[in-house]
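Coordinate inspection notes
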Amino acid sequence: MSFLEPGRLLFLIALLLLLAAYVAVQVRRGRYAVRFTNLALLEKVAPVTPGWRRHLPAAAFLLMLGLFVTGFARPSTEVRVPREQATIMVAVDVSQSMEAADVQPNRLQAAKQAAGTFLDRLPARFNVGLVSFSGTATVAVPPTTDRRALRAGIDRLALGPRTAIGEGVIASLEAITAFGAQYGESAPPGRVVLLSDGTNTAGRTPQVAAERARQARVPVSTIAYGTAEGVFYQNGAAVPVPVDGPALERLARETGGRFYEAATGGELRQVYQDIGSSVGYRTERREVWTWFIAAGLLLACVTAGASLLWFSRLP
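Residues numbered from 1 in each chain as written. Predicted model: local features only at pLDDT ≥ 70, side-chain atom pairs only at ≥ 80, totals over all residues. Heavy atoms only, no water.

1. Examining the nonpolar core
Nonpolar side chains in soluble globular proteins tend to end up buried together. Within the largest apolar cluster, 32 residues are counted, with the highest numbers of intra-cluster contacts made by I223, Y225, L268 and Y272. Among the secondary structure elements, those contributing two or more residues to this core are β3 (87-93), α4 (107-121), β4 (127-133), α5 (147-155), β6 (190-196), β7 (220-225), β10 (259-262) and α9 (265-279). Top contributing element to this core by residue count: α4, with 7 residues. Setting aside its immediate chain neighbours within four residues, Y272 contacts V90, A114, A115, F118, V193, L195 and I223. Membership of the second largest hydrophobic core comes to 21 residues, among which are V169, L173, A209 and L251. (Core = buried A, V, L, I, M, F, W, Y, C linked by side-chain atoms within 4.5 Å. Buried < 20%, exposed > 50% of the residue type's maximum accessible area, 1.4 Å probe, protein only. Helix = DSSP H or I, 4+ residues; strand = E, 2+ residues; numbered from the N terminus. Contact = heavy atoms within 4.5 Å.)

This is how it looks when you write it as structure tokens:
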């Protein structure tokens, strides 16, 4: 929690002075009572004191003022609220390395299944598009709320040569920009979710794509998918295809997105669930001063009630 007007908390100094004055009065009262040397006579003539109860109204009163001062400083906190709209582009690597079977039945098939799960996690009002990239990038499905069209596009994903991660990001950004043009300045926020298992080997570099994403203010969340032992077979020969996590992590970090790693189909589905939860909500700061004012008013009622009940007078 933070305060929009923190300078107003200086009024708490006055409360500390009041507390010090109250303590001083109580100490002085105790010293005055000790001056009576005949304690037996004092017990007979002095009324029975309520003990600790006589301090309770004063403590509640000071606490009430503290709550009022805290509310006066305009406290605020961050809360998660559902997004009304968003444009999400899912970019999937379909290079030959996605044929590796270190994830059953292979990386591409497991990725397709997880992407379907991702769609289920997103609000129906979100526009979602699909980009496939290998040596080049193609917008397989433009942003749409038609989930059946998206699932059909995911099913059609097919393998191709080389890996153009940068092109996949740029194609996604262009799709988001083209879709948002119809809204003008009120275009919904965009985000790219990119899944890949390898190193960029074609097209523009991820660094160029990251700069484009920063300029467009579109975060790119990346998923490094597969294991270090992954291989695929080309002309009967095994070709090692270890995951290049650091490159994808840099891309996410430089664009304000998040980086994930997944070595199994189950982990990938969990990653997509986490991403779905994060893009489906936004964080905004809201003032909560009413909580403190309400608590202060309630405490004032309790203080007045206790004072009337125990002492037959208001504090």
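Picking up after the structure, the text goes on.
2. Quick word on α5
Taken residue by residue, α5 has R147, L150, G153 and I154 as its buried positions. On an axial view of α5, the arc spanned by its buried residues comes to 120°, and they lie on one face. For α5, exposure combined with an orientation more than 90 degrees from the buried face picks out R148 and D155. At its buried positions, α5 is contacted by α4, β4 and β5 (137-144). The N-cap residue of α5 is D146: its side-chain oxygen and the backbone nitrogen of R148 are 3.1 Å apart. (Arc of directions from axis to C-beta. Polar contact = N/O pair within 3.5 Å; in protein donor to acceptor, adjacent residues only side chain to side chain.)

3. So, the pattern of salt bridges
Within the structure shown, the criterion is met by 8 salt bridges. In this structure, E167 and R204 form a salt bridge, with 2.9 Å as the shortest nitrogen-oxygen distance. Of this pair, E167 sits in helix α6 (residues 165-180) while R204 is found in the loop between β6 and α7 (206-216), placing the two residues 37 residues apart along the sequence. For E167, a relative accessible area of 17% corresponds to the buried category. A residue is classified by how much of its surface remains accessible, and R204, at 34% relative accessible area, is partly exposed. (Salt bridge = Lys/Arg side-chain N within 4 Å of Asp/Glu carboxyl O.)

4. Examining empty space enclosed by the protein
Applying the stated criterion across every chain yields a total of 1 cavity of 30 Å³ or more. Its volume calculated, the largest cavity comes out at about 40 Å³. As for the largest cavity, its lining consists of V90, A115, L119, V128, G129, L130, L150 and I154. Mapped by element, the contributors of at least two residues to the lining of the largest cavity are α4, β4 and α5. The element contributing the most residues to the lining of the largest cavity is β4, with 3 residues. (1 Å grid on protein atoms, 1.4 Å probe; cavity = no way out; pocket = protein on both sides within 12 Å on 5 of 7 lines; lining within 4 Å. Points joined across faces, edges and corners; volume = space filled by probe spheres on them.)

5. Thoughts on the environment of T222
By the secondary structure assignment, T222 is in strand β7. Accessibility expressed as a relative area gives 0% for T222, which makes it buried. Sequence separation between T222 and L248 is 26 residues; the distance between their C-alpha atoms is 5.9 Å. Beyond its immediate sequence surroundings of up to four residues, T222 is in contact with L194, L248, E249, L251, A252, R258, F259 and Y260. Side-chain polar atoms of T222 contact the backbone oxygen of L248, separated by 2.8 Å.

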